[in-house]
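Okay, here's what each chain looks like letter by letter:
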Amino acid sequence: KAASPAQFRQLRHEKVRGMVMSLASFCGSDPSEELKESLLSLFHPHDACTAIPETEAKKLASIAVSAAKILAKPGSALSRLLGTEEGERVAEQLMLVYSCNSFEGGRIYRNLSRVNHSCNPNAVVVQGENEDESLLKAACEIRPGDELSISYIGKYLFASFPIRQQLLS
C-alpha cells in the first residue's frame, strides 16, 4: 500500500526538519575543517539515494536552506554559513549528506555511513558501549574482497517485498 498524500507530506516535513536540525547541530559544534571535509566527502550527487529520489532530496535541501535562514539567530555560526552563496552550497551539500547517509537519530559516521544496503546483508550495525558509538559486526562469513553491506531498513528486512520496497522508495 502506497503512502497517502498526507503521509507523504508528513514524511517530507520530517525530512526537512531533520536536515535543518543536522545543519544547526553541525554549525553549533564548531566543526574543524577536517570534519567538514570528511562529511562533504560523503557527498556524491550522481549516486542514487535509496531514501528518496535525488531530485526530491535536492528540492527538500533547498527548502531546508530557506528555513534555516529564517530560523538562524543573527551573528550565529549558522547565519554566517548561510550568509554567502558558497556557504549555502555547502549547507545544501551537508543536508544531502544527512538525507542519504544518516543513521537513526541523525548520526553520520565517517566510515559506517559509506556501507551500502543489501536485502541480503553480510553485516549488522549495533550500538557500542556508549550512545554515540555504533559498530559494524559480521552477520556471516565475509571473505577478503567481499563488499560489506547492511540493511537500511533494520527489522523490516524480513517484511514482505511490497513493504520493503515502500520503505526504500
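Residues numbered from 1 in each chain as written. Predicted model: local features only at pLDDT ≥ 70, side-chain atom pairs only at ≥ 80, totals over all residues. Heavy atoms only, no water.

A. Layout of the overall build of the chain. Looking only at helices and strands, the chain features 6 helices and 4 strands. Secondary structure elements of the chain occur, N-terminal to C-terminal, as α-α-α-α-α-β-β-β-β-α. Expressed as a percentage of the 169 residues in the chain, the buried residues total 32%. On the chain, roughly 11,100 Å² of surface is accessible, and the fraction owed to carbon and sulfur atoms is 53%. (Helix = DSSP H or I, 4+ residues; strand = E, 2+ residues; numbered from the N terminus. Buried < 20%, exposed > 50% of the residue type's maximum accessible area, 1.4 Å probe, protein only. Areas by Shrake-Rupley, 256 points an atom, 1.4 Å probe, with all protein chains shown as cover.)

B. Examining the nonpolar core more closely. Counting 24 residues, the largest nonpolar core has Met19, Leu23, Leu78, Leu82, Ala91, Leu94 and Met95 as its most contacted members. Contributions of two or more residues to this core are made by α1 (5–28), α2 (33–40), α3 (54–71), α4 (77–81) and α5 (85–101). Counting 5 residues, the second largest nonpolar core, distinct from the first, contains Tyr109, Leu112, Val115 and Ala123. (Core = buried A, V, L, I, M, F, W, Y, C linked by side-chain atoms within 4.5 Å.)

C. Examining the pattern of salt bridges more closely. Counted by the stated rule, this structure contains 2 salt bridges. Residues Glu86 and Arg89 are paired through a salt bridge, measuring 2.5 Å at the closest nitrogen-oxygen approach. Here Glu86 and its partner Arg89 are both found in helix α5, 3 residues apart, which amounts to about one turn of the helix. A residue is classified by how much of its surface remains accessible, and Arg89, at 39% relative accessible area, is partly exposed. (Salt bridge = Lys/Arg side-chain N within 4 Å of Asp/Glu carboxyl O.)

D. Layout of the confidence of the model for the chain. The pLDDT averaged across the chain works out to 80; a share of 86% of its residues lies at or above 70. Here helix α6 (residues 161–168) is the element of the chain with the lowest mean pLDDT, 73, and α4 is the one with the highest, 91. (pLDDT = per-residue confidence, 0-100.)

E. Representation of the packing of α2 against α5 within the structure. Between α2 and α5, the least distance of the axes is 9 Å, while the angle of their chain directions is 60°. Here α2 is positioned oblique relative to α5, judged by the angle of their axes. In this structure, α2 contributes Lys36, Leu39 and Leu40 to the contact, and α5 contributes Val90, Gln93, Leu94 and Val97. Split into classes, the residues belonging to the contact of α2 with α5 amount to 5 nonpolar, 1 polar and 1 charged. (Axes fitted to C-alpha atoms, helices over the stretch in contact; angles between N-to-C directions. Parallel < 35°, antiparallel > 145°, perpendicular 65-115°, else oblique. Contact = heavy atoms within 4.5 Å. Nonpolar A, V, L, I, M, F, W, Y, C, P; charged D, E, K, R; others polar.)

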